[in-house]
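The chain contents come next:
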Amino acid sequence: MSAPHPTHRCRIVLVAPEIEDPDQQAATIADALAGGDVASVIVIARDADERRAQARVAAVAKEAHARDVAVIVAGEARVAMRAGADGLHLEAAAVAELAQAVEAAGGKIAVGADGARTRHDALELGEARPDYLFFGRFGYDTAPDPHPRNLALGEWWSEMVAIPCIVQAGADWRGVAAVAATGAEFVALSSAVFAGGSKPAEIVAQANALLDAEAPRLEGAA
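Colleague: Just checking my understanding: could you explain the environment of Thr142 for this structure?
Modeller: Residue placement: Thr142 occurs in the loop between strand 6 (132–135) and helix 6 (148–160). With a relative accessible area of 66%, Thr142 lands in the exposed category. As for Thr142 and Ala169, which are separated by 27 residues in sequence, their C-alpha atoms are 9.5 Å apart.

Structure below.
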């Protein structure tokens, strides 16, 4: 998802808040990235106007790429490609849909998905050979702690499958430690960083410090 990190431990993935103004959204992301290590930013580009969606992604990509952070688009593949994103995320993906997206990407951009609620679901999606699976759902990180199902799936997946996974944390940034303990390569933060009154850079810095202190080291983690 980005260049190898020397600590080889679970890394942060930011799910960008859905802000109407693209420039304000990009500035908010830039603030968070000032807090330290982030592997990638997922931008939810649901704009009805494709040009606006593309501008949204491009604005975030400008800030992220300046800091060597990958950008993943939850939206249309053509938006991701045209805006210079590094990956495409499929929400609640069907196996056939994911397989088609992986084939169409041809290795030019990363392709990942969420939607697995059981081990069976996850294994079926894994047959499409995505670059990662995401355990969680955008906007459902309102409880303080990570969802137990997501933690359980992340731990099982990390032990059994070589494809990396992202496990969604909760509304309290300290939940990154519970995610890291599963062996997951990445922990997704959104409301914990961007909820009203938060100071994104400070929270990212604190989350990284906790991961540095408590996250198990992963062989070959990126």
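Colleague: Would you mind going over the pairing of strand 7 (residues 165–168) with me for this structure?
Modeller: Consecutive residues of a regular strand have side chains that alternate between opposite faces of the sheet. Along strand 7, one buried face is formed by Cys165 and Val167 and the opposite face, lined by Ile166 and Gln168, is buried too. Sheet analysis places strand 6 next to strand 7, joined by three bridges and oriented parallel. Residue pairing for strand 7: Phe135 is matched across the bridge by Val167. Taken together, strand 6, helix 6 and strand 7 constitute a β-α-β crossover, and its handedness is right-handed. Relative to strand 8 (residues 186–189), strand 7 is paired through three bridges, and the arrangement is parallel. Among the inter-strand pairings, Val167 is bridged to a residue of strand 8, identified as Val187.

Colleague: Can you help me understand the sheet that holds strand 8 in this one?
Modeller: In sheet architecture, strand pairing relies on hydrogen bonds along the backbone and comes in two forms, parallel and antiparallel. Read around the closed barrel, eight strands run 1-2-3-4-5-6-7-8, paired in parallel fashion. Neighbour-to-neighbour, the strand axes of the sheet open up by a mean angle of 25°, direction not taken into account. Of the pairings in the sheet, the one linking strand 1 (residues 11–15) to strand 2 (residues 40–44) comprises three bridges and is parallel in character. The partner of Leu14 across the bridge, within strand 2, is Val41.

Colleague: Explanation requested: the nonpolar core in the structure shown.
Modeller: In terms of nonpolar packing, the biggest core is built from 66 residues, with Ile12, Leu14, Val41, Val57, Phe135, Trp157 and Leu189 touching the most fellow members. By residue number, the principal contributor to this core is helix 2 (residues 50–65), which donates six residues. The contacts of Val57, once residues within four sequence positions are left out, are Val43, Ala45, Val71, Val73, Val79, Ala83 and Ala85. Residues Val15, Ala74, Tyr132 and Ile166 belong to the second largest nonpolar core, which totals 13 residues.

The rules behind each value
Residues numbered from 1 in each chain as written. Predicted model: local features only at pLDDT ≥ 70, side-chain atom pairs only at ≥ 80, totals over all residues. Heavy atoms only, no water. Helix = DSSP H or I, 4+ residues; strand = E, 2+ residues; numbered from the N terminus. Buried < 20%, exposed > 50% of the residue type's maximum accessible area, 1.4 Å probe, protein only. Pairing = 2+ DSSP bridges. Right-handed = clockwise from strand over helix to strand, strands pointing away. Axes fitted to C-alpha atoms, helices over the stretch in contact; angles between N-to-C directions. Core = buried A, V, L, I, M, F, W, Y, C linked by side-chain atoms within 4.5 Å. Contact = heavy atoms within 4.5 Å.

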